[in-house]
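Given next are the chains, with one letter for each unit.
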Amino acid sequence: MARWCYRHRLVVLVLWVGALFGLGAAGTSAGTDYSNVFSLPDTDSKRAYDLMTKAFPESAGDTDTVVWRVDEGASARDADVRSRIEPALKEIAGMKGVGEVAGPYASKEAGAAQISENGRIAYAQVTFAKEANSVPKGLVQDVVDTAQRAERSGLEVELGGQAITRIQEPPTGIAEMVGIAAAAVVLFLAFGSLFAMALPIVIAVFGVGLGMLSTMLLSHVTDIPEVAPLLGSLIGLGVGIDYALFIVTRHRRGILRGMEPEKSAVQALNTSGRAVLFAGGTVCIALAGMLVMNMRFLDGVVIAASLTVVLSVLAAVTLLPSLLGLLGPRVLSRRQRRRLAATGPEPAEASGLAARWSAYVQKRPRSIAALAFVVMAFLALPLLSLRLGATDQGNHQESTTTRQAYDMLADGFGPGFNGPLQVVAEETGTTDTADISGLVATIRETEGVARVAAAPPADGIAVINVVPTSSPQSEQTDQLIDRLRGEVIPQAGVDAHVGGVTAVFKDFAAVTGDRLPYFVGAIIALGFLLLLIAFRSFVVPLTAALMNLIAAAASFGVLVAVFQWGWGTELLGIGKEGPITAFLPVIMLSLLFGLSMDYQVFLVSRMHEEWVHTKDNARAVRVGLAETSRVINCAALIMICVFSAFVLSGDMEGAMAGIGLAAAVALDAFILRTALVPAAMHLLGRSNWWLPAGLEKRLPHLAVEPREPGRTAASPAETVLPHARVAESDGEAVASVVHGFIRTAEGEPVDGATLTLLSTGGRRLDRVVSLADGSYIVAAPSAGAYLLAVSASGYAARARHIAVANEPLVYDVELAFGELDADAVN
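Since we're looking at a predicted model, the values are computed, not measured. (Residues numbered from 1 in each chain as written. Predicted model: local features only at pLDDT ≥ 70, side-chain atom pairs only at ≥ 80, totals over all residues. Heavy atoms only, no water.)

From N to C terminus, the protein includes 25 helices and 20 strands. Considering the protein as a whole, with its 826 residues, one finds that 55% of them fall into the buried category. Pairs at least 24 apart in sequence give 76% of the contacts found in the protein among residues at least 6 apart. (Helix = DSSP H or I, 4+ residues; strand = E, 2+ residues; numbered from the N terminus. Buried < 20%, exposed > 50% of the residue type's maximum accessible area, 1.4 Å probe, protein only. Contact = heavy atoms within 4.5 Å.)

Next up, the structure:
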């Protein structure tokens, strides 16, 4: 498929562009129909909601609030205040799209409740004809402007509500554009080429664009929450850029090694492209784990995020090779093309900082593992105080009108006014009006209740509005809900249920906490099974599962410190601290486990190749880390930029997810995969690759990264070392290799030494050049006796007889200046 896409690049490009513009036109004409369904079956708040729906089947539009406050010594009832507020409310009521305006001045009795006890704060309720998401922003802005024109010295006017919140949000796409711009800078520094930099970004834009447009259309046929497209674009940008980065890096490496662009692109898609397919599948599986929670709200998130990931992967494996075909050798920078033409193909051996760090980890695995674990444990400590709940307008930035209105209402009518509870009771054969009246009186005397008001019954259903003394996010409000459900209502002998937004989110948080262990167990088990099949090892997936749990704990610790404890919330411009949104752990864990699996696959697959080739665990871990850490860290840095940019989304949940995932990716890539995982694998030694014999026979074979043409075992660092060859024994491939180090008498590595493997008859079988660390690998056609000759500029040549068995042979060679090889072939 990669070759077909490369050769028919214009056709593929036209199909993708046509799909993008076609879905764009359809999405623009159809619009959106997002729905936020937070209620859960078999919960008390859901029963209350069902009863209210039965009593009041006609749902009104969104209700927002105009709040005003006068200076101390004045009153909202004063004539000069009324003369400014009443005309504004009347003008708002006359606007097309506004259904009703209920102010404190229309009726003396009804309006008295809308003015605070001290008379300084009052409010009016503005009911729109449609729900908040459907109210035109122009109308909302007109309402805000009209209300705030009534301000004067000593009179402050602010507005709150869902519709008002929408006009405070930054323009759609700001977060995405900032994330893409930051990713572009990282890519340019990594590639040094504008064309190469643009490729991952184009792939991500197509994947995310098609994903969001498809989600818009799907919102008309299924329940998609409003936050789903934001989360889908967040994960889509991250994986889209990263997956294209891995493939483009492999393609560029192939061209630098002298391959033709078409062959290099096909090889990159047949190797890294397959790893991308596997990685994308693991992300979708992790996302599908949310279905275990059995929460209707999360189903739409799974659809939006999984669809975006699938389209991003599809773009990476079809659109990307067509773009590589259009660019040809221009995927390299001009300097690289000039150097390639002047000096020819160059080895792509691991060197520099990555190789030095890998060697350092090998030398001091215990100290590095201990230090990394201590850092992660310290960051995870705040997790012990995690409290799930919901954010509201009280968490907005202090400068917003919604936050000002929220604080005014709390000052004038009590903290609980912003989150009233509804106790819904149904008159039955055993419950009558007198019983409900008794329940009202009992609730009024209950600790934690500020005010109680019972609405006239409708269809035998009574709704009792309860205003707590504490704020909606307070633990005291949670305790009041438990007290009403566990003591007050049962003692009254009335069949009643506690509902309202605050109660709904409390139930949501409780159900999330109860089901979270099953969800975590499911995605860990699926990830363990996939890695078990891919790497034929019991310890590698076990280590990965443990590391994923450590990364999750540390990232949630950071999340609690920032959003719950308030460390830097105002500095970051994300408002006031509060509880962690109830559904966020599920979404974050799905994304985190999927992304962590990606990094684990790219890291361990290279180690596994080396292990299959040499059966030397220390070398496998060292080479795998040296060759993959740079691209993993680069990919992680891009994801951190993309995720962090969602602080600018204007959405509290989006900001939480962005900061949490950015912290998770940073800790996972820079501490776990770069330090703790390789250090642990060095300490475990050959046990890393242990698999019970009985299990080996029963597991299906899944190649994450298949062997390249002409290759049966991967060569380290993809350098000038030749492809290893194997002997056939009873139909099975048996590696016959010799590997080790070339060093001086002082122990210094010899770089660039030439090693030649000869048969006993003098026929040359293999020739390689040692790497910067002095390591080498030569391949023998089969077990037997051979001659190994070593030469290096400035050193005396050496030759030794060696005996190679079916197992790899470790053979180190020492070279010295001016020394004659007395033991050479005798």
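Let's pick the thread back up.
With that settled, consider helix α18 (residues 475-492). The first and last C-alpha atoms of α18 sit 24 Å apart over 18 residues, in line with the 26 Å expected at 1.5 Å per residue. Residue L484 marks the point of greatest curvature in α18, where the axis turns by about 40°. T477, D478, L480, I481, L484, V488 and I489 are the residues of α18 that are buried. (Expected span 1.5 Å × (residues − 1). Bend = angle between axes of the 7 residues up to and from the residue.)

Take a nonpolar patch on the surface next. Side chains of V185, F188, L189 and L194 sit close together on the surface and give an oily, nonpolar patch of about 430 Å² of accessible area. Counting residues per element, the nonpolar patch draws most heavily on helix α8 (residues 174-191), which supplies 3 residues. Structurally, the position occupied by L194 is in helix α9 (residues 194-218). Since its relative accessible area comes to 58%, L194 is described here as exposed. (Patch = residues over 30% accessible without salt bridge, like charges linked within 9 Å, V, L, I, M, F, W, Y side chains within 5 Å. Areas by Shrake-Rupley, 256 points an atom, 1.4 Å probe, with all protein chains shown as cover. Salt bridge = Lys/Arg side-chain N within 4 Å of Asp/Glu carboxyl O.)

This part is about the pattern of salt bridges. Side chains carrying opposite charge are able to pair once their charged atoms draw close together. Using the criterion set out here, one finds 15 salt bridges in the structure. Between R7 and E262 there is a salt bridge, and its shortest N-O distance comes to 2.6 Å. Of this pair, R7 sits in helix α1 (residues 2-7) while E262 sits in helix α11 (residues 261-288), placing them 255 residues apart in sequence. R485 is the salt-bridge partner of D44, the closest N and O atoms lying 2.9 Å from each other. One end of the pair, D44, is in helix α3 (residues 44-55); the other, R485, is in helix α18, and 441 residues separate them in sequence. A single network of salt bridges, built from pairs that share partners, joins R3, R7 and E262.

Once that is clear, we can look at helix α6 (residues 137-148). Between the first and last C-alpha of α6 there are 16 Å, a value that for 12 residues agrees with the 16 Å anticipated at 1.5 Å per step. If you check which residues of α6 are buried, you get L139, V140, V143, V144, T146 and A147. Taken end-on, α6 shows its buried residues confined to a sector of 165°, consistent with a single buried face. Buried residues along α6 sit against β1 (63-70), α4 (79-93), β2 (98-102), β3 (121-128), β4 (155-160) and α7 (162-168). (Arc of directions from axis to C-beta.)

A word on unusual backbone geometry. Excluding glycine, most residues fall at negative phi; most peptide bonds, likewise, are trans. In the Ramachandran plot, R536 falls in the positive-phi region, its phi being about 50° despite a non-glycine side chain. Mapped onto the fold, R536 is located in the loop between α19 (501-535) and α20 (539-564).

A sheet is described by the order of its strands in space; here 4 strands give the open sequence β7-β8-β6-β9, paired in antiparallel fashion. The open sheet has two edge strands, β7 (449-454) and β9 (496-499), and neither has a second partner. This sheet shows a mean twist of 20° between the axes of neighbouring strands, independent of strand direction. When strand β6 (residues 421-426) meets strand β8 (residues 461-468), the two strands line up antiparallel, connected through 6 bridges. (Pairing = 2+ DSSP bridges. Axes fitted to C-alpha atoms, helices over the stretch in contact; angles between N-to-C directions.)

Looking at the protein as a whole, the pLDDT averages 81, with 89% of positions reaching at least 70. Within the protein, helix α15 (residues 365-380) carries the highest mean pLDDT (94), whereas strand β11 (residues 726-729) carries the lowest (35). Here residues 819-826 is modelled with pLDDT under 50, and outside its nearest four sequence neighbours on either side it reaches 13 contacts, counting other chains as well. (pLDDT = per-residue confidence, 0-100.)

Let us now look at the packing of aromatic side chains. All told, the structure shown has 10 aromatic pairs when counted by the stated rule. Ring geometry for W357 against Y360: centres 5.8 Å apart, planes inclined by 25°, an arrangement best described as stacked. Within this pair, W357 and its partner Y360 are both found in helix α14 (residues 352-363), separated by 3 residues, close to a single helical turn. Judged by its relative accessible area of 36%, Y360 is partly exposed. Three or more aromatic residues joined by ring pairs form one cluster here, namely Y123, F413 and F417. Against the face of Y6 rests R9, its NZ or CZ located 5.4 Å from the ring centre. In this structure, R743 packs its charged tip against the face of F741, placed 4.5 Å from the ring centre. (Phe/Tyr/Trp six-rings, centres within 6.5 Å; stacked < 30°, edge-to-face > 60°. Lys NZ or Arg CZ within 6 Å of the ring centre and 35° of its normal.)

One finds M290, L298, F519, F563, I638 and F643 to be the most contacted residues of the largest nonpolar core, which totals 163 residues. Ranked by the residues each element gives to this core, the list is headed by helix α24 (residues 652-684), at 19 residues. Setting aside its immediate chain neighbours within four residues, F563 contacts T569, I574, E577, G578, I580, M652, A655, M656 and I659. Listed in part, the 29 residues of the second largest apolar core include Y105, V144, A150 and L159. (Core = buried A, V, L, I, M, F, W, Y, C linked by side-chain atoms within 4.5 Å.)

Glancing now at the environment of L210. Secondary-structure assignment places L210 in helix α9. Along the sequence, L210 and G24 sit 186 residues apart, while their C-alpha atoms lie 8.1 Å from each other. Here L210 is in contact with W16, A19, L20, L23 and L311, once residues within four sequence places are set aside.

Moving on, we get to the packing of α11 against helix α12 (residues 296-327). Between two packed helices, the angle of one axis relative to the other and the distance separating the axes together describe the packing. Running from N to C, α11 and α12 point in directions that differ by 175°, and their axes come no closer than 9 Å. In terms of orientation, α11 and α12 fall into the roughly antiparallel class. From α11, A265, L269, G273, V276, L277, G280, V283, C284, L287 and A288 reach across to α12, where they touch V302, A305, S306, V309, V310, V313, A316, V317, P321 and L324. Residue composition of the contact of α11 with α12, by class: 17 nonpolar, 3 polar and no charged. (Parallel < 35°, antiparallel > 145°, perpendicular 65-115°, else oblique. Nonpolar A, V, L, I, M, F, W, Y, C, P; charged D, E, K, R; others polar.)

Tracing the backbone shows D766 in strand β15 (residues 764-769). Exposure remark for D766: the relative accessible area of 5% places this residue in the buried category. Reaching out from D766, the side chain makes a polar contact with the backbone nitrogen of A779 at a distance of 2.7 Å. (Polar contact = N/O pair within 3.5 Å; in protein donor to acceptor, adjacent residues only side chain to side chain.)

Further remarks concern the packing of α15 against α20. Where α15 contacts α20, the two axes come as close as 7 Å, and the packing angle between them is 45°. Taken together, the axes of α15 and α20 lie oblique to each other. You can see that α15 and α20 cross each other, and the crossing is left-handed. In contact with F373, M376, L379 and A380 of α15, α20 contributes I550, A551, A553, A554, G557 and V558. Residue classes in the contact of α15 with α20 are distributed as 9 nonpolar, 1 polar and no charged. (Left-handed = near helix turned anticlockwise from the far one by under 90°.)

Attention shifts here to the pairing of strand β17 (residues 784-791). The side chains of a regular strand alternate, residue by residue, between the two faces of the sheet. Sheet topology places strand β14 (residues 754-759) next to β17; 6 bridges connect them, and they run antiparallel. Opposite T754, over in β17, you have S791 as the bridge partner. As defined by bridge partners, β17 adjoins strand β18 (residues 798-804) across 7 bridges and the pair is classed as antiparallel. Looking at the pairing, L788 lines up with R800 of β18. In sequence, β17 turns back onto β18 through a hairpin of 6 residues, with G794 there showing a positive phi of about 90°.

To continue, consider the pairing of strand β13 (residues 737-744). A large share of β13 lies buried, amounting to 7 of its 8 residues. As paired strands, β13 and strand β16 (residues 775-779) are joined by 5 bridges and run antiparallel to one another. Across the sheet, the residue bridging to V738 is V778, located in β16. Summarising the sheet, β13 and strand β19 (residues 809-810) pair through 2 bridges and their orientation is parallel.

Under the counting rule described, the total for this entry stands at 0 disulfides. A disulfide-free cysteine, C634 has its sulfur positioned 9.6 Å from the sulfur of C641, the nearest such atom. Relative accessible area serves as the criterion here: at 14%, C634 is assigned to the buried category. (Disulfide = S-S within 2.5 Å.)

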